[in-house]
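Understanding the architecture of this molecule
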Amino acid sequence: MVTPTKTNVEQTGDVAVMRFEGDITSASEEAVLGKYKSLASTTKTILLDFAKVPYLNSSGIALVIQLMMAASKASQKVLCFGLSAHFNKVFTMLGLAKYTTLHADEKAARAAAA
Amino acid sequence: MITEPIVTELRLPTRLGFEKVAMDTAASVAQIMGFSDDRVDDLKTAVAEACINAIEHGNQLNNLLGVVVTMSMGEASLEVRIRDQGPGVSEEMHTPDIDRKMLGEETPRGMGMFLIQALVDEVEYVSGQPTGGNYARLTIHLHAPKTDRGEGQ
């Protein structure tokens, strides 16, 4: 069965890190979009941490796209890190890399955001 | 040497989440056959998406119906057939347009069929079987790089 998604948000100044843990599927709306809505209104940069996401399907990716749409409207920058090589490929195939950047780890994502 | 396909079959309930059972079983079969880790990952995503399609679109989430997944291990390829029992039809295949999605002109969903097509070597969809239902047949080959993925094995 699907492992429920937990999202831990760390907010430091205008940077927010959303750390996902568990599967991201159609059942993850609250964990992805709900948590996004809870970010401080002053947030300028959002880092999405996928390091503890073992399973991500197209419905889950659709939620990530919705988050990116909302962030784009709010002029926020979205960076992703911790995706497996396979999901890096999938994100690129689907064109998401046009609207976000994909990084191996948090250090690289933070350096790119700076 | 395999002369007859070695068949593994699963019957899944029409419940989202159970696609992971098919995905993990297909991965185990592919690993036994010697597929590389990246091809196993491709197959896992393709099988999961095909099962979700069968559950959501084929069986229309009717939990009285089932999804049968048949994995046939051949000499140099693995065929996975995903059959639903429902009246629905498969999600329509189209290439997702991220620009249109970001503008809200296209649903953020609707990427499953595209991923399946991109990740395996052959795909066939058959609708309206005489006994009802539809099936998707996915095939990956051990030694045939898929050139339109832009990468070899």
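Here, the structure is the one placed above.
Residues numbered from 1 in each chain as written. Chains lettered and ligands numbered in written order. Predicted model: local features only at pLDDT ≥ 70, side-chain atom pairs only at ≥ 80, totals over all residues. Heavy atoms only, no water.

Details of the overall build of chain A
- When its secondary structure is counted, chain A shows 4 helices and 5 strands.
- Computed over C-alpha atoms, the radius of gyration of chain A comes to 13 Å, within 12% of the 13 Å expected from 2.2 N^0.38 for 114 residues, which places it in the range of a compact globule.
- Viewed in the frame of its principal axes, chain A has a C-alpha envelope of about 35 × 25 × 25 Å.
- Looking at chain A as a whole, 53% of its 114 residues are labelled buried.
- Carbon and sulfur atoms make up 54% of the accessible area of chain A, which totals about 5,100 Å².
- Side-chain charges of chain A comprise 12 positive and 9 negative groups, with the mean position of each set lying 6 Å from the other. (Helix = DSSP H or I, 4+ residues; strand = E, 2+ residues; numbered from the N terminus. Rg over C-alpha atoms; globule rule 2.2 N^0.38 Å. Buried < 20%, exposed > 50% of the residue type's maximum accessible area, 1.4 Å probe, protein only. Areas by Shrake-Rupley, 256 points an atom, 1.4 Å probe, with all protein chains shown as cover. Lys, Arg positive; Asp, Glu negative; His and termini not counted. Charge placed at Lys NZ, Arg CZ, Asp CG, Glu CD.)

Topic: the nonpolar core
- Among the nonpolar cores identified, the biggest contains 66 residues, and Leu48 and Phe50 of chain A together with Val69 and Leu78 of chain B are the most heavily contacted of them.
- For this core, the leading source of residues is helix H2 (residues 58-73) of chain A, giving 9 residues.
- Not counting residues up to four positions away in its chain, the partners in contact with Phe50 of chain A are Phe20, Ile24, Val64, Cys80, Phe81, Gly82, Leu83 and Phe91 of chain A.
- Ranked by size, the runner-up nonpolar core spans 6 residues in total, among them Val15, Val17, Leu47 and Ala109 of chain A. (Core = buried A, V, L, I, M, F, W, Y, C linked by side-chain atoms within 4.5 Å. Contact = heavy atoms within 4.5 Å.)

Overview of the sheet that holds strand S1 (residues 6-12) of chain A
Residue and element names in this part refer to chain A.
- Pairing is mixed across the open sheet formed by 5 strands, whose spatial order is S1-S2-S3-S4-S5. Strand pairing shows two members of the sheet lacking a second neighbour, S1 and strand S5 (101-103), which therefore form its edges. If you compare each strand with its neighbour and ignore which way they point, the axes differ by 20 degrees on average.
- Of the strand pairs in this sheet, strand S4 (residues 77-81) and S5 are connected by 3 bridges, and their pairing is parallel. Following the sheet pairing, Phe81 is matched in S5 by His103.
- Its contacts with the sheet put helix H1 (residues 29-37) on S1, strand S2 (15-21) and strand S3 (45-52), and the angle it makes with S2 is roughly 160 degrees. (Pairing = 2+ DSSP bridges. Axes fitted to C-alpha atoms, helices over the stretch in contact; angles between N-to-C directions.)

Focus on the interface of chain B and chain A
- Facing 28 residues of chain B, the contacting portion of chain A comprises 26 residues.
- Summed over both partners, the interface of chain B with chain A comes to about 2,300 Å²; 68% of that surface belongs to carbon and sulfur atoms.
- Across the chain B-chain A interface, the total number found is 3 salt bridges.
- Two residues, Lys20 of chain B and Asp23 of chain A, come together in a salt bridge whose shortest N-O distance is 2.6 Å. (Buried area = accessible area lost by both parts, 1.4 Å probe. Salt bridge = Lys/Arg side-chain N within 4 Å of Asp/Glu carboxyl O.)

A short note on the pattern of salt bridges
All names here are of chain B.
- For the coordinates displayed, the defined rule picks out 18 salt bridges over all chains.
- With its nearest N and O atoms 3.3 Å apart, the salt bridge here joins Asp121 to Arg39. Pair noted here: Asp121 is in the loop between helix H4 (112-119) and strand S4 (122-126) and Arg39 is in helix H2 (residues 37-58), with a separation of 82 residues, a long-range link.
- A relative accessible area of 0% places Arg39 in the buried class.

Looking at the packing of aromatic side chains
- For the structure on display, the rule yields 2 aromatic pairs over all chains.
- With 5.4 Å between their ring centres and 45 degrees between their planes, Phe20 of chain A and Phe50 of chain A make a pair best called tilted. Linking Phe20 of chain A in strand S2 with Phe50 of chain A in strand S3, this pair joins segments that are 30 residues apart in sequence. Each member of the pair Phe20 of chain A and Phe50 of chain A is classed as buried.
- Note on Phe50 of chain A and Phe91 of chain A: the rings are 5.8 Å apart at their centroids and 80 degrees apart in plane angle, and the pair reads as edge-to-face. One end of the pair, Phe50 of chain A, is in strand S3; the other, Phe91 of chain A, is in helix H3 (residues 85-93), with 41 residues separating them in the sequence. In this structure, Phe50 of chain A and Phe91 of chain A share a single accessibility class: buried.
- An aromatic cluster of at least three residues, connected via ring pairs, comprises Phe20, Phe50 and Phe91 of chain A.
- Sitting above the plane of the Tyr135 of chain B ring, Arg81 of chain B keeps its charged end 4.5 Å from the centroid. (Phe/Tyr/Trp six-rings, centres within 6.5 Å; stacked < 30°, edge-to-face > 60°. Lys NZ or Arg CZ within 6 Å of the ring centre and 35° of its normal.)

Some thoughts on the packing of H3 of chain A against H2 of chain B
- At a minimum axis separation of 10 Å, H3 of chain A and H2 of chain B run at an interaxial angle of 55 degrees. If you check the angle between H3 of chain A and H2 of chain B, you find them oblique. With respect to the hand of their crossing, H3 of chain A and H2 of chain B are arranged in right-handed fashion. In this structure, H3 of chain A uses His86, Phe87 and Lys89 of chain A to contact H2 of chain B, whose residues at the interface are Asp41, Asp42 and Thr45 of chain B.
- Residues of the contact of H3 of chain A with H2 of chain B, tallied by class, amount to 1 nonpolar, 2 polar and 3 charged. (Parallel < 35°, antiparallel > 145°, perpendicular 65-115°, else oblique. Left-handed = near helix turned anticlockwise from the far one by under 90°. Nonpolar A, V, L, I, M, F, W, Y, C, P; charged D, E, K, R; others polar.)

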